[in-house]
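Listed below are the residues making up each chain.
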Amino acid sequence: MTTLDLRPLGNTGLKLSSVGFGASPLGNVFGPVSDHDAIASVREAFRLGINFFDTSPYYGGTLSEKVLGKALKALGVPRNEYIVSTKCGRYAEGFDFSAERVTKSIDESLERLQLDYVDILQCHDIEFGSLDQIVNETIPALQKLKEAGKIRFIGITGLPLGVFTYVLDRVPPGTVDVILSYCHYSINDSTLEDLLPYLKSKGVGVISASPLAMGLLTESGPPEWHPASPELKAACQAAAAHCIEKGRNISKLAMQYSLSNKDISSILVGMNSVKQVEENVAAANELATFGKDAKTVSEIEEILKPVKNQTWLSGIQQI
């Protein structure tokens, strides 16, 4: 069995599996998931070489953290064999990046996750807060949590790429260890690539989530609430149909496209079943063995050319 690539995360010393387990679906945000299925999918992910699990108190109104905690405990393996990241600042009841709230937040998260510490704590969707508050209040509070041993590394997440440079240019070097970007490194939008040299120069590790662009690059298409324009949705639908015609699966190709950039430490993808775990790991192993299907990818890129890098305003997703 091929094992997944382990890639270094910036200057943290952590090595993340190239495929990361996005645990938001364990919060029932895409439909109900039984504890049995959740535990089975985390177990299978770990067995196949996934060592990185990402959640947030926001997903499913804390349910994702609770279920992930239960599933990790069920693994019965030493704590240093897996890497957990959770978030702070975004909750079912709204946003609060105050020092007081994020300090309380980590204690709540640790209790739900049944852990003594998390490897990474990330400020969640910072474009919805005040970036100056993130710089002057939230991150200093997170540094105290680091000194207290409750978290090992500090991260920030958001949709607009500009939020990362804004914060990183205003905090001392080495303060922020990692960024999590989503929907900006996939076949339809590769704008994260332009930021990679800058992030590398800052010693910041990079995690990219949603290689399927929140469902755009799937045969079934995106959920109704997806904020993309009608043109972008139609182009992705045409690309998916082209893949079906050629006996290919657009989701697998999209996953491989994202995985092929080794400057990105891990590609986070939401999973809630053993089948999804197996498909994602198989896509990575196939890429490692045979390389990507350059011909079909370039045909898809041609179809998506008119809408390439077309993003959407950061909206509060109805999940």
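Residues numbered from 1 in each chain as written. Predicted model: local features only at pLDDT ≥ 70, side-chain atom pairs only at ≥ 80, totals over all residues. Heavy atoms only, no water.

### Structural notes on the overall build of the protein chain
At step 1: The secondary structure content of the protein chain amounts to 10 helices and 12 strands.
At step 2: Along the three orthogonal principal directions, the C-alpha set of the protein chain runs to about 55 × 40 × 35 Å.
At step 3: Contacts in the protein chain between residues far apart in sequence, at least 24 positions, make up 77% of those at least 6 positions apart.
At step 4: As presented, the protein chain carries roughly 13200 Å² of accessible surface, and 53% of it is formed by carbon and sulfur atoms. (Helix = DSSP H or I, 4+ residues; strand = E, 2+ residues; numbered from the N terminus. Contact = heavy atoms within 4.5 Å. Areas by Shrake-Rupley, 256 points an atom, 1.4 Å probe, with all protein chains shown as cover.)

### A word on the packing of aromatic side chains
At step 1: Under the counting rule described, the total for this entry stands at five aromatic pairs.
At step 2: A ring pair is formed by Phe95 and Phe97, whose centres lie 6.3 Å apart and whose planes are at 25°; its orientation type is stacked.
At step 3: Assessed through its relative accessible area of 3%, Phe97 is described here as buried.
At step 4: Joined through ring pairs, the aromatic side chains of Phe95, Phe97 and Phe128 make up one cluster. (Phe/Tyr/Trp six-rings, centres within 6.5 Å; stacked < 30°, edge-to-face > 60°. Buried < 20%, exposed > 50% of the residue type's maximum accessible area, 1.4 Å probe, protein only.)

### As for the sheet that holds strand S8 (residues 118-123)
At step 1: Spatially, eight strands are ordered S3-S4-S5-S8-S9-S10-S11-S12 in a closed barrel, and the strand pairing comes out parallel. Sheet twist, expressed as the average angle between the axes of neighbouring strands with direction ignored, equals 30°.
At step 2: Two strands pair when backbone bridges link them, and strand S3 (residues 19-22) and strand S12 (residues 266-270) are joined in this way by four bridges, in the parallel orientation. Across the sheet, the residue bridging to Gly22 is Gly270, located in S12.
At step 3: Across the sheet, helix H6 (residues 192-201) lies against strand S10 (178-182) and strand S11 (205-209), angled at about 160° from S11, the strand it touches most.
At step 4: Packed onto the sheet, helix H8 (residues 250-259) meets S3 and S12 and runs at close to 150° relative to S12. (Pairing = 2+ DSSP bridges. Axes fitted to C-alpha atoms, helices over the stretch in contact; angles between N-to-C directions.)

### As for the nonpolar core
At step 1: Formed by 106 residues in total, the largest nonpolar core has its most connected members in Phe21 and Leu192.
At step 2: Among the elements that line this core, the one with the most residues is helix H4 (residues 131-147), at seven residues.
At step 3: Residues in contact with Leu192, not counting those within four places in the same chain, are Leu161, Ile179, Ser181, His184, Tyr185, Leu199, Val206, Ser208 and Ile264. (Core = buried A, V, L, I, M, F, W, Y, C linked by side-chain atoms within 4.5 Å.)

### A word on the packing of helix H1 (residues 35-47) against helix H9 (residues 274-290)
At step 1: Running from N to C, H1 and H9 point in directions that differ by 20°, and their axes come no closer than 8 Å. The angle between H1 and H9 falls in the class roughly parallel. Where H1 crosses over H9, the handedness of that crossing is right-handed. From H1, Ala40, Ser41, Glu44 and Ala45 reach across to H9, where they touch Val274, Val277 and Glu278. (Parallel < 35°, antiparallel > 145°, perpendicular 65-115°, else oblique. Left-handed = near helix turned anticlockwise from the far one by under 90°.)

### Here's the deal with helix H3 (residues 99-113)
For an α-helix, the turn length of 3.6 residues means that residues three or four places apart are oriented alike.
At step 1: The end-to-end C-alpha distance of H3 is 21 Å, a good match for the 21 Å that 15 residues give at a rise of 1.5 Å each.
At step 2: Against helix H2 (63-75), strand S5 (83-88), strand S6 (90-91), S8, H4 and strand S9 (151-158) lie the buried residues of H3.
At step 3: Of the residues trailing H3, Gln114 is marked for its positive phi of about 60°. (Expected span 1.5 Å × (residues − 1).)

### A short note on the pattern of salt bridges
At step 1: For the structure on display, the rule yields 22 salt bridges.
At step 2: We note a salt bridge from Lys252 to Glu286, for which the minimum N-O separation is 2.9 Å. Of this pair, Lys252 sits in helix H8 while Glu286 sits in helix H9, and the two are 34 residues apart along the sequence. (Salt bridge = Lys/Arg side-chain N within 4 Å of Asp/Glu carboxyl O.)

### A short note on the UniProt feature "domain: NADP-dependent oxidoreductase" (unreviewed entry) in the protein chain
At step 1: UniProt marks residues 19-302 with the feature "domain: NADP-dependent oxidoreductase" (unreviewed entry), using the numbering shown here.
At step 2: Secondary structure within residues 19-302 divides into 45% helix and 16% strand; the distance between the first and last C-alpha atoms comes to 27 Å. (UniProt positions renumbered as here; feature names shortened; annotations may be inferred.)

### Comments concerning the side chain of Asn51
At step 1: Topologically, Asn51 is positioned in the loop between H1 and strand S4 (52-54).
At step 2: On the basis of relative accessible area, Asn51 is assigned to the buried category, the value being 11%.
At step 3: Discounting residues that sit within four places of it in the chain, Asn51 has contacts with Leu6, Lys15, Leu16, Ser17, Glu81, Tyr82 and Ile83.

### Things to note about unusual backbone geometry
At step 1: Unusually for a residue other than glycine, Ala213 sits at a positive phi of about 55°.
At step 2: With respect to the helices, strands and loops of the structure, Ala213 is situated in the loop between S11 and helix H7 (230-245).
At step 3: For Met214, which is not a glycine, the phi torsion comes out positive at approximately 55°.
At step 4: Judged by its relative accessible area of 14%, Met214 falls in the buried class.

### Observations concerning the environment of Ile106
At step 1: With respect to the helices, strands and loops of the structure, Ile106 is situated in helix H3.
At step 2: In this structure the C-alpha to C-alpha distance between Ile106 and Leu145, which are 39 residues apart in sequence, comes to 8.4 Å.
At step 3: With residues near it in sequence (within four places) discarded, Ile106 still touches Val118, Leu121, Leu145, Lys150 and Ile151.

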